[in-house]
Amino acid sequence: MKNKILMPLLAMTVLLVGAGCATNAHYVQTGGNQNVVTIGQINIQDYMQAADTMTGELLASGALNRVANPPAVLAISRIVNNTGQQIDMDLLTKKIRVALLQSGKALTTTTVGLGGTAEDPMAKGIQQENDFKSDQQTTRTPDFTLSGKIIQLAVKAGNTSQSTFSFQLSLTDPKSGLAVWEGEKEITKQGTRSSVGF
Amino acid sequence: MKTGNFLTLASALLLLFVSGCKTSMNSVENAQKTGQRQMVSDQRAITDKSLASKVSIVGVNSAMTPGGFLKVQIELLNTTRSPQRFSYHFEWFDANGMQITTLAPVEIPDQIQGGEDKFISSMAPTADGRDFRVKFIAL
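Just so we're clear, the structure is a prediction, and the values are computed from it rather than from any experiment. (Residues numbered from 1 in each chain as written. Chains lettered and ligands numbered in written order. Predicted model: local features only at pLDDT ≥ 70, side-chain atom pairs only at ≥ 80, totals over all residues. Heavy atoms only, no water.)

## Describing helix 2 (residues 44-61) of chain A
At step 1: The end-to-end C-alpha distance of helix 2 of chain A, which contains 18 residues, comes to 26 Å, matching closely the 26 Å that a straight helix rising 1.5 Å per residue would cover.
At step 2: Of the residues making up helix 2 of chain A, those classed as buried are Q45, D46, Y47, M48, Q49, A50, A51, M54, T55, L58, L59 and A60 of chain A.
At step 3: In this structure, the buried residues of helix 2 of chain A make contact with strand 1 (36-37), helix 3 (90-103), strand 5 (160-173) and strand 6 (178-191) of chain A together with strand 4 (108-112) and strand 5 (117-123) of chain B.
At step 4: Of the residues one or two after helix 2 of chain A, G62 of chain A is the one with positive phi, at around 80 degrees. (Helix = DSSP H or I, 4+ residues; strand = E, 2+ residues; numbered from the N terminus. Expected span 1.5 Å × (residues − 1). Buried < 20%, exposed > 50% of the residue type's maximum accessible area, 1.4 Å probe, protein only. Contact = heavy atoms within 4.5 Å.)

## Quick look at the nonpolar core
At step 1: With 32 residues, the main nonpolar core has L64, L92, L100, F167 and L171 of chain A as its most contacted residues.
At step 2: Where this core is concerned, the elements lending two or more residues are helix 2, strand 2 (72-82), helix 3, strand 4 (144-157), strand 5 and strand 6 of chain A.
At step 3: Top contributing element to this core by residue count: helix 2 of chain A, with seven residues.
At step 4: Core analysis: the second largest hydrophobic core is formed by 19 residues, V60, W92, V106 and I120 of chain B among them. (Core = buried A, V, L, I, M, F, W, Y, C linked by side-chain atoms within 4.5 Å.)

## Thoughts on the pattern of salt bridges
Residue and element names in this part refer to chain B.
At step 1: A complete count under the given rule lists nine salt bridges over all chains for this structure.
At step 2: The partner of E29 in a salt bridge is K33, with the nearest N and O atoms 3.0 Å apart.
At step 3: Take E29: its relative accessible area is 59%, and that puts it in the exposed class.
At step 4: Among the ionic pairs, K118 bridges to D110, the shortest N-O distance being 2.7 Å. For the residue pair K118 and D110, the accessibility class agrees, reading buried in each case.
At step 5: In this structure, a network of salt bridges that share partners links the residues E91, R133 and K135. (Salt bridge = Lys/Arg side-chain N within 4 Å of Asp/Glu carboxyl O.)

## Some remarks on the interface of chain A and chain B
At step 1: Counting from both sides, the interface comprises 18 residues of chain A and, opposite them, 20 residues of chain B.
At step 2: Taken as a group, Q49, Q102 and F198 of chain A account for 32% of the area that chain A buries against chain B, more than any other trio of residues on that side.
At step 3: At the boundary of chain A with chain B, the tally comes to zero salt bridges.
At step 4: At the boundary of chain A and chain B, one finds two residue pairs in polar contact (both at pLDDT 80 or more).
At step 5: Every element with two or more residues in the side of chain A that touches chain B is listed here: helix 2 and helix 3 of chain A. (Buried area = accessible area lost by both parts, 1.4 Å probe. Polar contact = N/O pair within 3.5 Å; in protein donor to acceptor, adjacent residues only side chain to side chain.)

## Observations concerning the sheet that holds strand 1 (residues 55-64) of chain B
Residues and elements named next belong to chain B.
At step 1: Read from one edge to the other, the open sheet built from three strands follows the order 1-2-5, with strand pairing classed as antiparallel. The open sheet terminates on both sides in strands that have one partner only, identified here as strand 1 and strand 5. Adjacent strand axes in the sheet meet at a mean angle of 20 degrees, parallel and antiparallel pairs treated alike.
At step 2: Of the strand pairs in this sheet, strand 1 and strand 2 (residues 70-78) are connected by nine bridges, and their pairing is antiparallel. Residue S62 lies in a different strand from strand 2, and its bridge partner there is V72. (Pairing = 2+ DSSP bridges. Axes fitted to C-alpha atoms, helices over the stretch in contact; angles between N-to-C directions.)

## Things to note about the sheet that holds strand 4 of chain B
Residues and elements named next belong to chain B.
At step 1: Strand order in the open sheet made by the three strands is 4-3-6, with antiparallel pairing throughout. The open sheet is flanked by strand 4 and strand 6 (131-138), the only strands paired with a single partner. Each strand of the sheet is rotated relative to its neighbour by a mean of 35 degrees, with strand direction disregarded.
At step 2: Examined bridge by bridge, strand 3 (residues 84-93) and strand 4 share five bridges and lie antiparallel to one another. When the bridges of strand 4 are listed, R85 appears paired with Q111.

Next up, the structure:
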């Protein structure tokens, strides 16, 4: 008799606890401490942290101030992905571009790109047309190019996995071919499984 | 007899567990400082007393970068003997007290060893940044 009362009570308690632990879909702040953390992948908060740190370092260095006609013009060059995952580089570069634009220290060209390709082909077409009509070059050549690499280093000890993502960037003066600023941000994550939150 | 053995083993395990969690830090630095820190008087709002008692704010100093950006550095001290995990993020305000909106506030996870004294810093996203606020959350 006792079991007949206890068993449904126990089942109900388990159900209630289970329901309490399950989370319905909800919004979280991008890059906040409630974001999912995975060990083997670069998460959004990692891109944000890397971009924020390196933009700060670049602005603090004063390298962008050393141009004849400020603000400096920046062209995005090759950023090599040496990780095991597919990466859309704009997740890193766009954040840096926006932050530099907001700072007022640099503008990014969308008509000069790697291998002659333009990010904005229409703007490039209009620019070429204007150059042809006025018979002079109106295009401002970039003062700097931004190149870099993302490297992943994965190791394991027992059940614990660890991944280090190294974000490396170089700002080069194309006139001299010298890197006038270089930055590196390393992010290391360790654990046995993915988790929600830092 | 069995209870005695069990208690000894349990105490040994507990000791091992506790000592494994403890960290400490020794450091050395030059006594005659050449650099002069420009300290900032700060105003604190503490809602997590537990974190505040473990990780205390020693001081805040600021400087202007060559590019004209305000840079702030905060000295933290772990008053406990175990490592503490926390995250922080900076908010920046212009001369009118309006918050400078950036892409998204970056929350930075960090860790401080037992007894360690460390610095965290950030720079205003624009040259208009005059004031700041830093939020700390225990992890």
